[in-house]
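Residue strings, one per chain:
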Amino acid sequence: MKKLLFVFFILFVAGTECLAQGYADKVRQDRQEYFEKLKDKVDFGPGDQVSKYLKYYDPDTSFIIKARFEIKGKAKKTEMITSSGDRKSFVVFGELHFTVNAKKCVLQVYRSAVLTPLTRNLLFVPFKDLTSGNDTYGAGRYLDFKMEEIKGDALLIDFNKAYNPLCAYETGFSCPVPPRENHLKVRIEAGEKNFKE
């Protein structure tokens, strides 16, 4: 019986490692594809490898977190200041409630106040955390979701997908600055790090 349990344990560990490796490979592939699209907007210079220009934390499945999604009954319009001093209009669509390192966290989820075929299905979560200004971009990072990712009252947050706003790379962009409500008092050591030329 002990031998059988040991075999099951080994198979479980091996299966878990294979899943984690498969996930890490997928994240690296997604990052390379993101970089290919980003090069159309930002002049990084020669070289096609994402690792030459963009820095990331290693993929970490512990930063894939199931959050409780609370929709706002009456959508509240808000103006978000941008890096250029302009303001962009959003609607507070809902809230994400989750736990990181035993600390309760809340993030506001936004939707564009101007709905178009491109924005209708998109949700936007700008945030700062205790890595901001050190390991990660000081003005904060972004997460994007699609409406269909909300399952009942739950939404899966994958912080490995956190990315920098365009102003992290070049001047001339007008990027929404995460509002105080989305300043997390924890370290999110996942996703994109600070940009270094």
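Residues numbered from 1 in each chain as written. Predicted model: local features only at pLDDT ≥ 70, side-chain atom pairs only at ≥ 80, totals over all residues. Heavy atoms only, no water.

### Some thoughts on the state of the cysteines
Turning to step 1, where the next piece is worked out: Counted according to the given criterion, the structure contains one disulfide.
Turning to step 2, where the next piece is worked out: A disulfide bridge connects C167 with C175, and the sulfur atoms are separated by 2.0 Å. The residues C167 and C175 share a single accessibility class, namely buried. (Disulfide = S-S within 2.5 Å. Buried < 20%, exposed > 50% of the residue type's maximum accessible area, 1.4 Å probe, protein only.)

### Some details on the environment of E33
Turning to step 1, where the next piece is worked out: By secondary structure assignment, the location of E33 is in helix α1 (residues 2-38).
Turning to step 2, where the next piece is worked out: Along the backbone, E33 and V50 are 17 residues apart, and their C-alpha atoms lie at a distance of 8.7 Å. (Helix = DSSP H or I, 4+ residues; strand = E, 2+ residues; numbered from the N terminus.)

### Re the side chain of D129
Turning to step 1, where the next piece is worked out: Among the secondary structure elements, D129 is positioned in the loop between β4 (122-127) and β5 (141-146).
Turning to step 2, where the next piece is worked out: Its relative accessible area of 5% is what places D129 among the buried residues.
Turning to step 3, where the next piece is worked out: Looking at D129, its side chain comes within polar contact range of the side chain of T131, at 2.7 Å.
Turning to step 4, where the next piece is worked out: Filtering out sequence-adjacent residues up to four positions away, D129 remains in contact with T136, R141, L184, V186, R187 and I188. (Polar contact = N/O pair within 3.5 Å; in protein donor to acceptor, adjacent residues only side chain to side chain. Contact = heavy atoms within 4.5 Å.)

### With respect to the packing of aromatic side chains
The way to describe two aromatic rings as a pair is by their centre distance and the angle between their planes.
Turning to step 1, where the next piece is worked out: Scanning all chains against the criterion turns up 14 aromatic pairs.
Turning to step 2, where the next piece is worked out: Both rings, one in F98 and one in F159, keep their centres 5.9 Å apart while their planes meet at 50°; by these two values the pair is tilted. Taken together, the residues F98 in strand β2 (residues 87-100) and F159 in the segment after β6 (154-158) connect sequence positions 61 residues apart.
Turning to step 3, where the next piece is worked out: Residue class for F159 comes out buried when judged on its relative accessible area of 0%. (Phe/Tyr/Trp six-rings, centres within 6.5 Å; stacked < 30°, edge-to-face > 60°.)

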